[in-house]
Amino acid sequence: MTAAATKIEQVGHLGRPVYQLRNVAKSYVRRKLHALDAVDLTLTEGSFSSVIGPSGCGKSTLLKIMSGLVPPSQGSVVLEGRPVTGPRSDIGMMFQQATLFPWRTTLQNVVLPIEIRDGKAAAARKHDAARDLLELVGLKGFENAYPNELSGGMAQRAAICRMLVTEPAVLLLDEPFSALDELARDFMNMELQRICTARNATAFLVTHSIPEAVILSNVVYVMSPRPGRFVEAVTIDLPRPRTLDMMTEPRFGAYVQRIRARLDQGAFI
């Protein structure tokens with residue numbers, strides 16, 4: 001940890017703690033790379049948080065540590081009272097691409113995590129729950145469609161269902177809509193908000209879009225250049241449900257300007 005590093009943590013949503021990181025750092029010895037420096041983070045039940053920072057600052061590394069894909073070099077990662085030491089079924093991940101298997105129907109893609117974990121019989125028992133999820137995201141009637149019959153936005157909605165079918169305690173989102181055009185991305189962000197609200201989901205989003213972070217989040221964490229650390233936690237005090245019309249309001253613009261100014265400064269303290 002550098003002498004200038006400061007621990008910044010903000011719990012911007014009342015609720016019980018679900019996910020806690022304490023003094024998490026990551027270094028890659030062979031590459032002589034210090035990626036993360038003393039990150040503290042608490043996610044409370046039902047909260048939506050985002051992290052934003054310059055390219056290469058360690059956002060994706062942080063998400064991999066939180067998902068259990070990469071171990072931290074120091075610090076602790078605890079989800080629902082248990083240390084995260086590897087991938088877990090109560091952690092839902094969503095990436096930039098939907099990555100649906102082209103030979104499986106929408107329904108079959110959604111229940112795939114259950115099939116991998118518990119077998120085909122268990123996956124079959126989840127079909128009704130998967131259909132309910134598909135209806136929740138507006139894909140009723142597309143249960144038997146194949147990925148090449150879905151638009152990009154529809155495929156991402158199916159990926160959301162695949163993430164939710166295991167009933168995870170936390171959703172980790174790695175720029176899930178960055179490949180979509182602006183109109184589709186705005187629509188999907190509103191859909192994501194609706195789904196998270198309906199299921200009281202706890203979500204953590206990596207994004208390069210300041211407006212996206214502001215419109216979705218209770219708290220936006222700003223990261224410094226590598227080694228990444230939180231240098232500001234901006235609580236977003238806008239009523240819910242959020243709407244796209246809010247993006248024209250002065251309060252919204254003030255949040256965007258505050259975060260952009262911090263990034264323009266290099267996100268240094």
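Residues numbered from 1 in each chain as written. Predicted model: local features only at pLDDT ≥ 70, side-chain atom pairs only at ≥ 80, totals over all residues. Heavy atoms only, no water.

1. Quick notes on the confidence of the model for the protein chain
Logical step 1: Looking at the protein chain, pLDDT values average 88 and 93% of them are 70 or higher.
Logical step 2: Across residues 1-7, confidence stays below pLDDT 50; counting only partners more than four residues off in sequence or on other chains, it has 13 contacts. (pLDDT = per-residue confidence, 0-100. Contact = heavy atoms within 4.5 Å.)

2. Looking at the pairing of strand S2 (residues 33-44)
Logical step 1: Of all 12 residues making up S2, 11 are buried, and the element is well covered by its neighbours.
Logical step 2: Bridge analysis of strand S1 (residues 17-28) against S2 gives 8 bridges, and the strand direction is antiparallel. In the strand pairing of S2, Tyr 19 is matched with Leu 43.
Logical step 3: Here S1 hands over to S2 after 4 residues, with Lys 32 in that stretch at a positive phi of 50°. (Buried < 20%, exposed > 50% of the residue type's maximum accessible area, 1.4 Å probe, protein only. Helix = DSSP H or I, 4+ residues; strand = E, 2+ residues; numbered from the N terminus. Pairing = 2+ DSSP bridges.)

3. Comments concerning the sheet that holds S2
Sheet strands pair by backbone hydrogen bonding; their relative direction is either parallel or antiparallel.
Logical step 1: In spatial order, the strands read S2-S1-S4-S5; together these 4 strands make up an open sheet with antiparallel pairing. What marks the edges here is a single partner per strand, and that holds for S2 and strand S5 (82-83).
Logical step 2: Sheet topology note: the S1/strand S4 (residues 74-79) ladder contains 5 bridges and is antiparallel. Looking at S4, one finds that Leu 21 is bridged to Val 77.
Logical step 3: Each of S1, S2 and S4 touches helix H1 (residues 59-67); the most contacted strand, S1, lies at about 125° to it. (Axes fitted to C-alpha atoms, helices over the stretch in contact; angles between N-to-C directions.)

4. Section: the pattern of salt bridges
Logical step 1: Scanning the model with the defined rule gives 12 salt bridges in all.
Logical step 2: As a salt-bridge pair, Glu 232 and Arg 262 come within 3.2 Å of each other at their nearest N and O atoms. Linking Glu 232 in strand S10 (residues 230-235) with Arg 262 in helix H9 (residues 250-264), this pair joins segments that are 30 residues apart in sequence. Judged on exposure class, the residue Glu 232 and its partner Arg 262 are both buried.
Logical step 3: If you follow the salt bridges from partner to partner, you end up with Arg 16, Glu 45 and Glu 80 in one network. (Salt bridge = Lys/Arg side-chain N within 4 Å of Asp/Glu carboxyl O.)

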